[in-house]
Amino acid sequence: MYFTIKALHILSDFLLIGGMLINAFVIGMVPPAIRVGVIGALRKYDRIVTTAGLAGAWIFGLWLIFGYVGFSNGWLHAKLLFVVLLSALHGMQQGWMRRMQADPKLDPPAFVRAGMPIILVSLVLIVALAVIKPF
Ligand code: HEM
């Protein structure tokens, strides 16, 4: 059961990170003229797949905490800091995609525009903390 929950946790993480990278690409790197046609479809994908990934990461992650590994590990505390940051960024991506669908010329704040490096650096740190468990 433990390995099944962990497998579902990691599967959810793939869907979450994959979806957030697509959002970051469209928000930060696609020109407004092209963006308008893409955002509608992307918001649908985000609502169904990426949001399910976020929910699965939290549900199966908390299940692993309360069912198996407990909450006392330093690596988990540090990891959750980056996971909360990613969760907040995803919420801001959703908000700004909604606004940008109405007005494609809108430019989101720097934190949202810099989504790609924030997600990639967080991913490296989260996986290192979760697998190596350095402290
Ligand atoms: C959303 C909240 C999250 C919580 C509460 C959480 C919690 C946990 C817990 C308790 C484990 C089990 C550790 C073990 O059994 O050794 C785990 C494993 C793991 N988590 Fe998360 N996690 C979350 C999000 C994420 C995210 C967003 C990623 C990647 C982007 C991630 C990547 C991993 C990996 C790769 C493992 C496997 C570690 C191993 O087998 O050694 N987690 N997570």
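Every chain is numbered on its own, with residues counted from 1 as its sequence reads. In view of the model being predicted, local features appear only for residues whose pLDDT reaches at least 70, and side-chain atom pairs are presented and counted only at 80 or more, with totals across whole chains, interfaces and linings using the full set of residues. With hydrogens and water excluded, all non-hydrogen atoms of the structure serve as input to the side-chain values.

### Brief notes about the environment of Gly-18
Phase 1 of the analysis: Runs of H or I in DSSP of at least four residues are treated as helices and runs of E of at least two as strands, each being numbered from the N terminus. The topology assignment puts Gly-18 in helix H1 (residues 2–29).
Phase 2 of the analysis: Each C-alpha atom, one on Gly-18 and one on Thr-50, is 7.7 Å from the other, the two residues being 32 residues apart in sequence.

### Looking at the site of the ligand
Phase 1 of the analysis: Nearness here has a simple test: a residue counts as near a molecule or strand if at least one of its heavy atoms is within 4 Å of that partner. Residues in close proximity to the ligand total 23 residues, the closest being Tyr-2, Lys-6, His-9, Lys-79 and Lys-133.
Phase 2 of the analysis: In the model, a nitrogen atom of the ligand is placed 3.4 Å from a nitrogen or oxygen of the Asp-13 side chain.
Phase 3 of the analysis: More than half of the atoms of the ligand fall within 2 Å of the grid points belonging to the largest pocket.
Phase 4 of the analysis: Mapped onto the shell around the ligand, the elements with two or more residues apiece are H1, helix H2 (32–69), helix H3 (74–102) and helix H5 (115–132).
Phase 5 of the analysis: Ranked by residues supplied to the shell around the ligand, first place goes to H2 with seven residues.
Phase 6 of the analysis: Here the residues of the shell around the ligand sort into 17 nonpolar, two polar and four charged. Think of a polar contact as two N or O atoms within 3.5 Å of one another; within protein, one of them needs to be a possible hydrogen donor and the other a possible acceptor, and neighboring residues in sequence only count if both atoms come from side chains. Only protein atoms enter the calculation, which uses a 1 Å grid: trapped sets of points that fit a 1.4 Å probe without letting it out are cavities, open sets showing protein on both sides within 12 Å along at least five of seven lines are pockets, and any residue with an atom within 4 Å of a point is a lining residue. For a molecule to be placed in a cavity or pocket, more than half of its atoms must lie within 2 Å of the grid points of that cavity or pocket. We call Asp, Glu, Lys and Arg charged. Ala, Val, Leu, Ile, Met, Phe, Trp, Tyr, Cys and Pro are nonpolar, and the rest, Gly among them, are polar.

### Regarding the packing of H1 against H2
Phase 1 of the analysis: Between H1 and H2, the shortest axis-to-axis distance is 7 Å and the interhelical angle comes to 150 degrees. When the interaxial angle is binned, H1 and H2 end up roughly antiparallel. By crossing handedness, the relation of H1 to H2 is classed as left-handed.
Phase 2 of the analysis: Its residues assigned to classes, the contact of H1 with H2 shows 20 nonpolar, eight polar and four charged. Angles here are taken between N-to-C directions and fall from 0 to 180 degrees, while the axes themselves are lines fitted to C-alpha atoms, restricted in helices to the stretch in contact. Any angle between 65 and 115 degrees counts as roughly perpendicular, while under 35 counts as roughly parallel, over 145 as roughly antiparallel, and the rest as oblique. The sense of a crossing depends on the near helix, which, turned anticlockwise from the far helix by less than a right angle, makes the crossing left-handed and, turned clockwise, makes it right-handed.

### Considerations on H1
Phase 1 of the analysis: A helix's residues, less one, multiplied by 1.5 Å, set its expected span. Over its 28 residues, H1 runs 40 Å from end to end, which matches the ideal 40 Å to within 8%, given 1.5 Å per residue.
Phase 2 of the analysis: Buried within H1 we find Ile-5, His-9, Ser-12, Leu-16, Ile-17, Gly-19, Met-20, Asn-23, Ala-24, Val-26 and Ile-27.
Phase 3 of the analysis: Each element contacted by the buried residues of H1 is listed here: H2, H3, helix H4 (110–113) and H5. Each residue gets one of three labels from its accessible area relative to the maximum for its type: buried under 20%, exposed over 50%, partly exposed in between, using a 1.4 Å probe on protein chains only. Between two residues, a contact is recorded if the distance between any of their heavy atoms is within 4.5 Å.

### Re a nonpolar patch on the surface
Phase 1 of the analysis: Each patch is assembled from residues with relative accessible area greater than 30% and no salt bridge, linking like charges that lie within 9 Å and nonpolar side chains (Val, Leu, Ile, Met, Phe, Trp, Tyr) that lie within 5 Å. Here the Shrake-Rupley method, with its probe set to 1.4 Å, supplies the accessible areas, and only the displayed protein chains count as covering residues. For salt bridges, the criterion is a side-chain nitrogen of Lys or Arg within 4 Å of an Asp or Glu carboxyl oxygen. Nonpolar side chains collect at one region of the surface, where Met-1, Ile-59, Trp-63, Tyr-68 and Val-69 lie side by side and expose about 500 Å² of accessible area between them.
Phase 2 of the analysis: Turning to its location among the elements, Ile-59 is positioned in helix H2.

### Focus: the packing of aromatic side chains
Working definition: an aromatic ring pair is given by the centre-to-centre distance plus the angle between the planes.
Phase 1 of the analysis: Two aromatic rings from Phe, Tyr or Trp, using only the six-membered ring of Trp, form a pair when their centres are within 6.5 Å; if the ring planes differ by under 30 degrees the pair is stacked, by over 60 it is edge-to-face, and anything between is tilted. Enumeration according to the criterion identifies three aromatic pairs in this entry.
Phase 2 of the analysis: On the basis of an interplanar angle of 70 degrees and a centroid distance of 4.8 Å, the ring pair of Tyr-2 and Phe-3 is categorised as edge-to-face.
Phase 3 of the analysis: With relative accessibility at 65%, the residue Phe-3 sits in the exposed group.
Phase 4 of the analysis: Three or more aromatic residues link up through ring pairs in this structure, and these residues are Tyr-2, Phe-3 and Tyr-68.
Phase 5 of the analysis: Ring-over charges, as used throughout, are those where CZ of Arg or NZ of Lys falls within 6 Å of the ring centre and within 35 degrees of the ring normal. The ring of Trp-96 is capped by Arg-99, whose NZ or CZ atom sits 4.5 Å from the centre of that ring.
Phase 6 of the analysis: Here the guanidinium or amino end of Lys-133 rests over the ring plane of Trp-75, the centre of that ring lying 5.0 Å away.

Scope: geometric values only; no functional claims are made or implied.
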